[in-house]
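What follows is each chain in one-letter form.
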Amino acid sequence: MENKRKIGTTYENRAAAYLQEQGFVIVEQNFFCRNGEIDIIAKDGTYLVFIEVKYRRDHTCGSPLEAVNAKKQKRICRTAFYYCSIHGYGDWTPCRFDVIAVEGDGTIVHIKNAFEFKM
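What counts, and where the lines are drawn
Residues numbered from 1 in each chain as written. Predicted model: local features only at pLDDT ≥ 70, side-chain atom pairs only at ≥ 80, totals over all residues. Heavy atoms only, no water. Pairing = 2+ DSSP bridges. Helix = DSSP H or I, 4+ residues; strand = E, 2+ residues; numbered from the N terminus. Buried < 20%, exposed > 50% of the residue type's maximum accessible area, 1.4 Å probe, protein only. Core = buried A, V, L, I, M, F, W, Y, C linked by side-chain atoms within 4.5 Å. Contact = heavy atoms within 4.5 Å.

Chemist: Help me get a handle on the pairing of strand S5 (residues 108-111), residues and values and all.
Modeler: Relative to S5, strand S4 (residues 95-103) runs antiparallel, the two being bridged by 4 bridges. By the bridge assignment, Ala-101 is partnered in S5 with Val-109. Following S4, the chain reverses through 4 residues before pairing antiparallel with S5; Gly-106 in that reversal takes a positive phi of roughly 95°.

Right under this line is the structure:
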């Protein structure tokens, strides 16, 4: 069985390719800091978009979208706040939080503005 990091990278790359097909510009992938990780950071028009990618082979552990719970959302928001501060993005920068779910059959579900910023 492949390790989870390798599987995750495969589906994050598939999600990034999907986003590029939709007109997004990928700024960074796998941004890490002590607060957490953001899978993909992209530009969609004027928006700086922080994207969480979730893959599930099947629904025995729930849907991929259910995995982005309130605790995970807070971690993503704190990481996004840190990213913006170290890269010079201010309060004037419109930001959005999207989730991409990749199902076992390869279906991609993209939820734009999946949750609001919360600290």
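Structure shown, so let's carry the discussion forward.
Chemist: Run through the pairing of strand S2 (residues 36-44), naming residues and quoting values.
Modeler: The two faces of a sheet get side chains in turn, since along a regular strand they alternate between them. Within S2, 8 of the 9 residues are buried, which leaves the element mostly enclosed by the surrounding structure. Pairing between strand S1 (residues 25-33) and S2: 7 bridges, direction antiparallel. Residue Ile-26 lies in a different strand from S2, and its bridge partner there is Ala-42. Counted along the chain from S1 to the antiparallel partner S2, the turn is 2 residues long.

Chemist: Tell me about unusual backbone geometry, and please be specific about residues and values.
Modeler: Located in the positive-phi region is Asn-30, a residue other than glycine, with phi close to 55°. Tracing the backbone through its elements, the reader meets Asn-30 in strand S1. Of note in this structure, Asn-113 is not a glycine but carries a positive phi near 55°. Structurally, the position occupied by Asn-113 is in the segment after S5. We classify Asn-113 as partly exposed; its relative accessible area is 40%.

Chemist: Report on the nonpolar core, specifying residues and quantitative values.
Modeler: Ranked by internal contacts, the top residues of the largest apolar core, which has 15 residues, are Ile-41, Phe-50, Phe-97 and Phe-115. Every element with two or more residues in this core is listed here: S1, S2, strand S3 (47-56), helix H2 (70-86) and S4. Take this core: its biggest share by element is 5 residues, from H2. Beyond its immediate stretch of four places on either side in the chain, Phe-115 contacts Val-68, Gln-73, Ile-76, Cys-77, Phe-97 and Val-99.

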